[in-house]
Amino acid sequence: MTTASVPSFTAPVVDPFAAEGPIVRLQRAKEAARETARLTSGDKARALDAIATAITERAEAIIAANGADLDRGRADGIGDALLDRLRLDEKRIAALASAVRDVIALPDPVGQVIGGHRMPNGVALEQVRVPFGVVGVIYEARPNVTVDIAALALRSGNAVVLRGGSAAKDSNAVLVDVMREALRGAGVTPEAIQTVDDFGRDGARALMHARGLIDVLVPRGSASLIETVVTESTVPVIETGAGNVHIVLDESAPEDWAREIVVNAKVQRPSVCNAVETVLVLRAAADRLIPGVVADLVAQGVTVHGDDAVAGLAPGVVPATEEDWGTEYLSLDIAMRVVDTLEDALEHIRAYSTGHTESIITTDVRNAERFLAEVDSAVVMANASTRFTDGGEFGFGAEVGISTQKLHARGPMGLAELTSTKWLARGAGQTRA
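This report concerns the structure included in the present document. Just so you know, these numbers come straight off a predicted model, no measurement behind them.

**Considerations on the pairing of strand 1 (residues 113-118)**
When strand 1 meets strand 2 (residues 124-131), the two strands line up antiparallel, connected through five bridges. Bridge pairing in strand 2 places His 117 opposite Leu 125. If you look at the hairpin formed by strand 1 and strand 2, you'll find five residues sitting between the two strands, and Gly 122 has a positive phi there, around 100°.

Below, the structure is given as structure tokens:
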């Protein structure tokens, strides 16, 4: 292992992550981005196939490293929600490899012509998709993101720099090593995948302040992490927000739809950002719907934090506080409130939503269309579980995250959202008068 503070290009390098400071790695990613931008679609597909194969073949080592992270997380008391996000088993590793192959099957966005025309003077203009260059990602306790982001970045012609947090440091270290070796074997520079995990907070700060080296930065994690990145960064940030997600049950909601959708949206995987956190029930439907919905939730181990009206209609309800309406639980907890009208439900969502996903259960077409039109979130649904807000479910393959901002990208971010555009002008000697 080299210990020089400046990388040597003559001595053999045993450890590609020798101690050198985070900026050197960002510079290597910048250099690698020029190569990844030139890769053909076939080159990228072969590199990603090599990554998928390597992940499957190295499953035992990945699970062992993940076990160390889980043991440390339990000892540190990080909570069931983060432990669930952190966990990798054979099924989840197989899903990681499958997600990489799903990305291979997606259309390569680089070079796509998305607009253009011929100017009156005969100059032909085309607007085409091009890679960003270097994508930085800061995230917490999500080793799946290590693979998902790397695959999407490479397929869209980018290099990537990862900061995955201390909770998943062993899992991420093995995953990065596996992917870099797979790239090397496929004839692609391994410098296209970098990590700054071993630099801790200094690595995160380097990402946030590396104007000219990092072209776009994506935070994924808690509201506090996202706020820190958005506030402190001097590089462009695509904000992926927390998920204080709502479902509204109006007076026409079929009872079976209400019970099945709410339980699915809360219980199927409570630790993720598209899980429902608050249910708003119109008063005209409260007597009919609340007893059954609460009973089904409680039977699944969910703690219902309800207002007085909810508590009066179902047993086992914990009194809700003002804090509950703004809480992203990421656990088997849910808030429930009775509101008088759809307008009141919309006002509640405007006050407490993080702009991620909201859904209404109704057979009233007017209410459904009003909800779809007026709710200002990245994804708005009628009569469907909020768990569908996901790049894979939307057909994008793996996702970068769920963008809750309104510039460049909004909602599940796939390959196209990891590209910018440039204009190509082809003339025949024209000059401007």
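**Considering the side chain of Glu 358**
Within the secondary structure, Glu 358 sits in strand 12 (residues 357-361). The charged side chain of Glu 358 is buried without a salt bridge, its nearest counter-charge being Arg 410 at 8.6 Å. Of note is the side chain of Glu 358, whose polar atom sits 2.9 Å from the backbone nitrogen of His 246. Excluding residues that lie within four positions of it along the chain, Glu 358 makes contacts with Asn 244, Val 245, His 246, Ile 349, Ser 353, Phe 371, Val 375, Ser 377, Val 379, Val 380 and Met 381.

**Some words on the environment of Ala 33**
Here Ala 33 is to be found in helix 1 (residues 22-38). Along the primary structure Ala 33 and Asp 84 are separated by 51 residues, whereas in three dimensions their C-alpha atoms are 33 Å apart. Setting aside residues up to four positions removed in sequence, Ala 33 forms contacts with Gly 133, Val 134, Gly 157 and Ala 159.

**Some thoughts on the sheet that holds strand 5 (residues 193-195)**
Strand order in the open sheet made by the four strands is 5-4-3-6, with parallel pairing throughout. Every interior strand has two partners, whereas the edge strands, strand 5 and strand 6 (216-220), have only one. The mean angle between the axes of side-by-side strands here comes to 20°, regardless of whether they run parallel or antiparallel. Where strand 4 (residues 159-163) lies against strand 5, three bridges are found, and the strand directions are parallel. Across the sheet, Leu 162 pairs through a bridge with Thr 195, a residue of strand 5. Against the sheet, helix 7 (residues 169-185) engages strand 3 (134-139), strand 4 and strand 5, with an angle of about 155° to strand 5.

Here is what the cut-offs are and how they apply
Residues numbered from 1 in each chain as written. Predicted model: local features only at pLDDT ≥ 70, side-chain atom pairs only at ≥ 80, totals over all residues. Heavy atoms only, no water. Pairing = 2+ DSSP bridges. Helix = DSSP H or I, 4+ residues; strand = E, 2+ residues; numbered from the N terminus. Buried < 20%, exposed > 50% of the residue type's maximum accessible area, 1.4 Å probe, protein only. Lys, Arg positive; Asp, Glu negative; His and termini not counted. Salt bridge = Lys/Arg side-chain N within 4 Å of Asp/Glu carboxyl O. Polar contact = N/O pair within 3.5 Å; in protein donor to acceptor, adjacent residues only side chain to side chain. Contact = heavy atoms within 4.5 Å. Axes fitted to C-alpha atoms, helices over the stretch in contact; angles between N-to-C directions.

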